[in-house]
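So the chains spell out like this:
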Amino acid sequence: MLDQNTDKPVLTLRDLSIEFPTSQGIVKAVTALSLDIHKGRRVGFIGESGSGKTTTALAVMQMLAEPGRVAGGSVVLGDTNVLALDEEQMRRTRLSRIAYIPQGAMNSLNPVMRVEPQMWDGIIAHEGKLDRAELKRRSDAALESVGLPVHTGSLYPHELAGGMKQRVCIAMGIILNPELIIADEPTSALDVVTQRQVMQTLKDIQSQIGSGLMLIGHDMGLMAQTVDELAVLKNGELVEHGTVKQILEAPKHPYTQDLISSVPLVGGESFLNPDRRADAPKRGSSEPLLRFANVTKQYGPVTALHPMSFSLQGDTPQIISIVGQSGSGKSTMGSIMLGFNPPSTGRVLYEGQDVQTMSAAQSLDFRKNVQAVFQDPYACFNPFYRVNHALKFPFKRFGLAQSEAYTQKATEEACDAVGLDPDLVLPRYPHQLSGGQRQRLIVARALMLSPKLLIADEPVSMVDASLRASILSNIYDLKDKYGISILYITHDLATAYHVSDYVIVLFKGHVVEAGPPKEVIGAPEHPYTKLLIDSIPWPDLDRAWGDGRDDWDPTTLEAEAERAPTVYRGDVPGFDLVRSQGRSA
């Protein structure tokens, strides 16, 4: 145990054990966990999915879902035995003394209420009815404290960007000045620039009110730049605890060492297997596999994608990465490629055929040969069907099922190809699988159709950092084994550095830098690319990332980026990006 603060801890966990009775027996989710969080200290709970991080936080708030239960130990908040509180006492303790900032901000805000009354609800629930002017004063102060303009309170959640929604959740959490803030993966779905802004906001406000912070996550780089102490959990057990400096510079447990080494670094050691390229599947057309011909996309007065032209030949399997912040036009590009979203001007051609004017037969062939891997694997499965059915359905739909036995064999081989045990995953429902397993199954389902092109839109943003490298390495191997070209859409520049043959950096719908990854990401020249690289949280304690320094102002840096011309670096055979004649400031 650390002994760095003689004051009474804000939170004391002693021999905390949590279990879930099931029909197969008792599952021990957390075992004999002991830990202190002191006032003003930030403690990171890190580990893979299923390690007991969120379960511990829910137990602290008495919010364990049935049949979960605290089997032993104690949870003490200041001088209060949390486990001895009745339901009404615990309700009054939440928000006023313990604040919870959730992972999915959009799912945590009421979509039919403006932000301001949602903030007032918490105040009124704990302090009774107050004058409207006082409520507004306090909600305005909370919004300003997290760097949001006061008019944000009059907006609906859907009118806010992802980073703004997350800041609203922070403002709601700290509005009653709690003793303890629990932040559960608060930035996992945000791009690196927004992530850095949100974490600076959280650290600043936590320091101002002097509360303790329990930060739950799986990104060792983010933890290194954010917390004072690290608690490493594996299978419900605390395997290592110490200061960030101790953990990063001299990790003792093999699991901690694995977590640190799993962080992909720009210029660091590759996590990929040796190159073993295969020829791409034989095609009946000499036309490029995919071609953008002066494609644009407008949504009313907003131009989401400015004129873009490129051709992907497809004769050699390649990974083309498209990187940028949320709102840069990446996913718009992906939806246009897949034919889900028609371009405002220009054409998208698959082997010479316009995707928007294909016949029914051509469209069916296109759907089979151009597959997608989406960001949220859970949303891609029907929750009422077992995995076996979910994988077989498209295989049969596209006429590939010669017999039931043949289909079953193809299903099992697809699971094997992505490193999953068919006997384990096929009989299960989607909710019975981990996020990493679901993500691999989305890849397996796509591979069963033997596609020529895979559009992967943020395929690993919702899985553990240690699983990201594993899944991307798996996709990379399958690309070489089956000769599939891949368009990888991501805001994770470190993984794009390792897996890409060519990188396109998008900023507000414009291409601002493009070329091989070692040039574009390894030695960026455009101000916007430099901003993205500078915003990546490395596990490096000497780096000023989350300290809120005044010289890091993304608004100013983005304004500078808008004035800079596009930078074109080297070319790669098989992919031709048409260079624009320049863009206006």
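Structure's up top.
What counts, and at which threshold
Residues numbered from 1 in each chain as written. Predicted model: local features only at pLDDT ≥ 70, side-chain atom pairs only at ≥ 80, totals over all residues. Heavy atoms only, no water. Pairing = 2+ DSSP bridges. Helix = DSSP H or I, 4+ residues; strand = E, 2+ residues; numbered from the N terminus. 1 Å grid on protein atoms, 1.4 Å probe; cavity = no way out; pocket = protein on both sides within 12 Å on 5 of 7 lines; lining within 4 Å. Points joined across faces, edges and corners; volume = space filled by probe spheres on them. Nonpolar A, V, L, I, M, F, W, Y, C, P; charged D, E, K, R; others polar. Phe/Tyr/Trp six-rings, centres within 6.5 Å; stacked < 30°, edge-to-face > 60°. Buried < 20%, exposed > 50% of the residue type's maximum accessible area, 1.4 Å probe, protein only. Lys NZ or Arg CZ within 6 Å of the ring centre and 35° of its normal. Salt bridge = Lys/Arg side-chain N within 4 Å of Asp/Glu carboxyl O. Polar contact = N/O pair within 3.5 Å; in protein donor to acceptor, adjacent residues only side chain to side chain. Core = buried A, V, L, I, M, F, W, Y, C linked by side-chain atoms within 4.5 Å. Contact = heavy atoms within 4.5 Å. Axes fitted to C-alpha atoms, helices over the stretch in contact; angles between N-to-C directions. Left-handed = near helix turned anticlockwise from the far one by under 90°.

Draft legend 1. Representation of the sheet that holds strand β12 (residues 302-312) within the structure. Read across the open sheet, the five strands follow the order β15-β14-β11-β12-β22; overall the sheet is antiparallel. The open sheet terminates on both sides in strands that have one partner only, identified here as β15 (353-354) and β22 (575-577). Where strand β11 (residues 290-299) lies against β12, seven bridges are found, and the strand directions are antiparallel. Bridge pairing links K297 to L305 in β12.

Draft legend 2. Just the layout of surface pockets, in detail. Estimates place the volume of the second largest pocket at around 510 Å³. Contributions of two or more residues to the lining of the second largest pocket are made by β6 (98-101), α4 (115-127) and α6 (162-174). With five residues, α4 is the largest single contributor of residues to the lining of the second largest pocket. Residues belonging to the lining of the second largest pocket are distributed by class as follows: twelve nonpolar, five polar and two charged.

Draft legend 3. Fine view of the packing of aromatic side chains. Going through the model one piece at a time under the given rule, you end up with six aromatic pairs. With 5.4 Å between their ring centres and 35° between their planes, F310 and F575 make a pair best called tilted. With F310 in strand β12 and F575 in strand β22, the pair connects residues that are 265 residues apart, well separated along the chain. Its relative accessible area of 2% is what places F310 among the buried residues. Grouped by ring-pair contacts, the aromatic residues F292, F310, Y502 and F575 constitute a single cluster. The ring of Y299 carries K297 above its face, with NZ or CZ at 5.4 Å from the centroid. The ring centre of Y476 lies 4.2 Å from the NZ or CZ of K479, which sits over that ring.

Draft legend 4. Expanded view of the pattern of salt bridges. One pass over the structure, following the stated rule, counts 21 salt bridges. Residue R569 pairs with E513 through a salt bridge whose shortest N-O separation is 2.6 Å. Remark: E513 occurs in strand β20 (residues 510-515) and R569 occurs in the loop between β21 (567-568) and β22; sequence separation between them is 56 residues. According to the relative accessible area criterion, R569 is buried, its value standing at 15%. In this structure, the salt-bridge partner of R579 is D571, at a minimum N-O distance of 3.8 Å. Several salt bridges share partner residues, and in doing so they unite E88, R91 and R92 into one network.

Draft legend 5. Here's a closer look at the side chain of Q371. Looking at the secondary structure, you find Q371 in strand β16 (residues 370-373). A residue is classified by how much of its surface remains accessible, and Q371, at 13% relative accessible area, is buried. Only 2.7 Å separates the side chain of Q371 from the backbone oxygen of R367, close enough to count as a polar contact.

Draft legend 6. Layout of the nonpolar core. Residues L441 and Y488 are the most contacted members of the largest nonpolar core, which totals 62 residues. If we skip the residues at most four places from it in the chain, Y488 touches I319, I320, S321, I322, A456, P459, V460, L472, T495, A496 and V499. Grouped together as the second largest cluster of nonpolar side chains are 45 residues, L143, L160, V227 and L259 included.

Draft legend 7. Structural view of the packing of α4 against helix α5 (residues 132-145). Packing of α4 against α5 leaves a shortest axis separation of 10 Å and a crossing angle of 115°. As for the relative orientation of α4 and α5, their crossing is right-handed in sense. For the pair α4 and α5, the contacting residues are E116, M119, W120, I123, I124 and E127 in the first and R132, L135, K136, R138, S139, D140, A142 and L143 in the second. Residues belonging to the contact of α4 with α5 are distributed by class as follows: seven nonpolar, one polar and six charged.

Draft legend 8. Broad picture of helix α13 (residues 387-397). Within α13, the full set of buried residues consists of V387, A390, L391, K392, P394 and F395. Residues of α13 that are buried sit in contact with α14 (404-417), α15 (422-425) and α16 (435-447). Just downstream of α13 lies G399, where phi reads positive at about 75°.

Draft legend 9. The arrangement of empty space enclosed by the protein in detail. Summed over all chains, the structure comprises four cavities of 30 Å³ or more. Roughly 410 Å³ of internal volume is contained in the largest cavity. Lining the largest cavity we find 29 residues, and of these Q195, D219, R468, D492 and P537 sit closest to its centre. Those elements giving two or more residues to the lining of the largest cavity turn out to be α7 (192-209), β8 (212-217), α8 (220-224) and α17 (465-482). Sorting elements by how many residues they give to the lining of the largest cavity places β8 first, with three residues. For the lining of the largest cavity, the residue count by class is 15 nonpolar, eight polar and six charged. Considered as a void within the structure, the second largest cavity measures approximately 60 Å³ in volume. In terms of lining, the second largest cavity is formed by I319, A456, L472, I475, Y476, I486, Y488 and V499. Among the secondary structure elements, those contributing two or more residues to the lining of the second largest cavity are α17 and β18 (485-490). When residues of the lining of the second largest cavity are assigned to their parent elements, the largest contribution, three residues, is made by α17.

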